Amino acid sequence: MKYVDEFRQPGAAIAILKEITKLSQSLSQPLKIMEICGGHTHSIFKYGIEEILPDNIELIHGPGCPVCVMPKGRIDDAIFLAQHPQVIFTTFGDTMRVPGSEYSLLQAKALGADIRMVYSPLDNIKIAQDNPDKEVIFFAIGFETTAPSTALTILQAAGENLPNFSMFSNHVLVIPALKALLNNPELQLDGFVGPGHVSMVIGSKPYEFIAKEYHKPIVISGFEPLDILQSIWMLLQQIIQNRCQVENQYDRIVVNSGNSAALQAMNQVFVPRDTFEWRGLGDIPFSGLKIRPEYAQYDAECKFSLPSNKVQDKKACQCGKILQGVMKPWQCKVFGTACTPETPMGACMVSSEGACAAYYKYGRLGKFTSSNLSPANSISV
Amino acid sequence: MCLGIPGQIVEITDVVKKLAMVDVGGVKRQINIACIVDAAHPPESCIGDWVLVHVGFAMSRINEEQAAETMKLLAELAQIMQVN
């Protein structure tokens, strides 16, 4: 496939890997590089990138999976909305199995709620038009990559004066989350692989504070294996040359100023919330998006009264620490036993972009577990 | 969630609603192109353009020159390593 296969060539991958290995030999101490985006986490595991890197380069899997960072209370709110008899609740497929405090949307569907998976937020318009006696509520989640499409959907609904459509907005913003991470004294990072598709919308400028204030290099990266390897190589060059800059490996997609039409739609419809709760990171100021009062008729939070309870994660579940990169999935006692993709206990095991699901799916147990497992957290498979 | 796939715009299906048919690896699907059209790039001019498709929206036009540059760099690197 064009613009995909070219970035999977083994010859070039071997060449970059040799360059990375050569550069890694001049490092005085091991490096910790965080890929922020869950899409990168998925690719890194799919192509075995973590396994082929030199031992002194460690990849930390960051909080950039919108499904994984969704707190349980918001899932409970979604289920509350979905169970309303007059509601058709729609969602992207990967939120279906995220556990709430009692059950997931998938289980709520099995119990009779009218919950439907959609491919695009625009699909909601037709569902609402076809079901005038029902309220169609879309579970809007995602970072800046997805927020413009939900904003444009609201604008289209407003243009068509659609009375029976609303959204439950759970959009989150990457920059406040990065600030929260960088302010965590537990976290020791040497650089970032920046999110390619969020950056396609916001551009590269919003990351400049990482280089200027926190003195960490960041390379915005594409998602194919050669993209990720090239980005790690670019990061290594920066670190070895003692540079801290925002660089853009994904320049076939990302322009420095971002996508103005997408940003405009997003700003027209959404406004940052004063605070938003993230699973694992807690409350982060101005990190979530709510629908502006002008579009209140499309805001499910205005149309319905929600329980909005804060729900603690189960004690055994370590999703919070895994999302912050301070713990590896295999260090969680329930990983692969009580918590599997079929019966996820925490969100990191649900989405294919979650670190736990990626470790589980691609069987990345051997290299780490063999040397690090203790009897206390042994895995029975 | 944030993954996107490259596709080529083959037809404009609704100029007013900014809808287009995109070919993704042989599969055709209608998508919204509002984020990639402006005065300099009206919908009609988008036929043949490669775009990144995400949840039914074209979110960016793929810069074919930059893509070629990256591929050239990678090919050169592979060649140098082969020689060495």
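Structure first, text after, so check above.
Residues numbered from 1 in each chain as written. Chains lettered and ligands numbered in written order. Predicted model: local features only at pLDDT ≥ 70, side-chain atom pairs only at ≥ 80, totals over all residues. Heavy atoms only, no water.

### Quick notes on the pairing of strand β7 (residues 191-194) of chain A
All names here are of chain A. Along β7, one buried face is formed by Gly191 and Val193 and the opposite face, lined by Phe192 and Gly194, is buried too. The sheet contact formed by strand β1 (residues 31-37) and β7 spans 3 bridges and is parallel. When the bridges of β7 are listed, Ile33 appears paired with Gly191. Relative to strand β8 (residues 218-220), β7 is paired through 3 bridges, and the arrangement is parallel. Its bridge partner lying in β8, Gly194 is registered against Ile220. (Buried < 20%, exposed > 50% of the residue type's maximum accessible area, 1.4 Å probe, protein only. Helix = DSSP H or I, 4+ residues; strand = E, 2+ residues; numbered from the N terminus. Pairing = 2+ DSSP bridges.)

### Details of the sheet that holds β8 of chain A
All names here are of chain A. The strand order across the open sheet formed by 5 strands is β2-β1-β7-β8-β9, and the pairing between neighbours is parallel. Only two strands of the sheet have a single neighbouring strand rather than two, namely β2 (57-64) and β9 (246-248). Along the sheet, successive strands turn relative to each other by an average axial angle of 25 degrees, direction set aside. Lying on the sheet, helix α2 (residues 38-46) is in contact with β1, β2 and β7; it crosses β1 at an angle near 120 degrees. In this fold helix α8 (residues 174-182) packs onto β1, β2 and β7, with an angle of close to 155 degrees to the strand it touches most, β1. (Axes fitted to C-alpha atoms, helices over the stretch in contact; angles between N-to-C directions. Contact = heavy atoms within 4.5 Å.)

### Quick word on the sheet that holds strand β4 (residues 115-117) of chain A
All names here are of chain A. Ordered in space as β4-β3-β5-β6, the 4 strands form an open sheet in which the pairing is parallel. Looking at strand neighbours, the two that pair on one side only are β4 and β6 (165-171), the edges of this open sheet. With direction set aside, neighbouring strand axes in the sheet form an average angle of 25 degrees. As paired elements, strand β3 (residues 87-91) and β4 share 3 bridges and run parallel to each other.

### Considering the environment of Gln241 of chain A
In this structure, Gln241 of chain A sits in the loop between α11 (225-240) and β9. Between the C-alpha atoms of Gln241 of chain A and Ile16 of chain A, which are 225 residues apart in sequence, the distance is 18 Å.

### Section: the interface of chain B and chain A
With 34 residues of chain B at the contact, the number on the chain A side is 49 residues. Counting the surface lost from both chain B and chain A, the interface buries some 3,700 Å², and carbon and sulfur atoms represent 71% of this. Its salt-bridge partner being Asp123 of chain A, residue Arg29 of chain B comes within 4.0 Å of it at the nearest N-O pair. Here chain B and chain A share 7 residue pairs in polar contact (both at pLDDT 80 or more) between them. Listed by contribution, the elements that provide at least two residues to the side of chain B that touches chain A are β3 (27-32), β4 (50-54), β5 (57-61) and α1 (64-83) of chain B. No other element matches α1 of chain B, which puts 10 residues into the side of chain B that touches chain A. For the side of chain B that touches chain A, a count of residues per class yields 21 nonpolar, 9 polar and 4 charged. (Buried area = accessible area lost by both parts, 1.4 Å probe. Salt bridge = Lys/Arg side-chain N within 4 Å of Asp/Glu carboxyl O. Polar contact = N/O pair within 3.5 Å; in protein donor to acceptor, adjacent residues only side chain to side chain. Nonpolar A, V, L, I, M, F, W, Y, C, P; charged D, E, K, R; others polar.)

### A short note on the packing of aromatic side chains
All names here are of chain A. According to the stated counting rule, one finds 9 aromatic pairs over all chains in the structure shown. For the pair Phe89 and Phe139, a centre-to-centre distance of 5.7 Å together with 45 degrees between the ring planes defines the contact as tilted. Of this pair, Phe89 sits in strand β3 while Phe139 sits in strand β5 (residues 135-142), placing them 50 residues apart in sequence. The same class applies to Phe89 as to Phe139, namely buried. Ring geometry for Phe209 versus Tyr214: centroids 6.0 Å apart, planes at 80 degrees, classification edge-to-face. On the accessibility criterion, Phe209 (9% relative accessible area) is buried. What links up through ring pairs into an aromatic cluster is the set Phe89, Phe139 and Phe168. Here Lys179 stacks its cationic end above the ring of Phe209, 4.9 Å away from the centre of that ring. (Phe/Tyr/Trp six-rings, centres within 6.5 Å; stacked < 30°, edge-to-face > 60°. Lys NZ or Arg CZ within 6 Å of the ring centre and 35° of its normal.)

### A closer look at the pairing of β2 of chain A
Residue and element names in this part refer to chain A. Burial within β2 is extensive, with 7 of its 8 residues counted as buried. Where β1 meets β2, 6 bridges bridge the pair, whose relative direction is parallel. Looking at β2, one finds that Glu35 is bridged to His61.

### Here we look at unusual backbone geometry
Residue and element names in this part refer to chain A. The backbone of Tyr3 shows a phi angle near 65 degrees, a positive value even though the residue is not glycine. If you trace the backbone, Tyr3 turns up in the segment before α1 (10-24). Its relative accessible area of 5% is what places Tyr3 among the buried residues. With phi around 45 degrees, Ser308 is a residue other than glycine that occupies positive phi space. With respect to the helices and strands, the residue Ser308 is situated in the loop between α13 (300-303) and α14 (319-323).

### Notes on the nonpolar core
Core analysis: the largest hydrophobic core is formed by 145 residues, its most contacted members being Phe89 and Tyr207 of chain A. A per-element tally of this core places α11 of chain A first, with 8 residues. Of all hydrophobic cores here, the second largest spans 13 residues; its members include Val24, Ile33, Val51 and Val53 of chain B. (Core = buried A, V, L, I, M, F, W, Y, C linked by side-chain atoms within 4.5 Å.)

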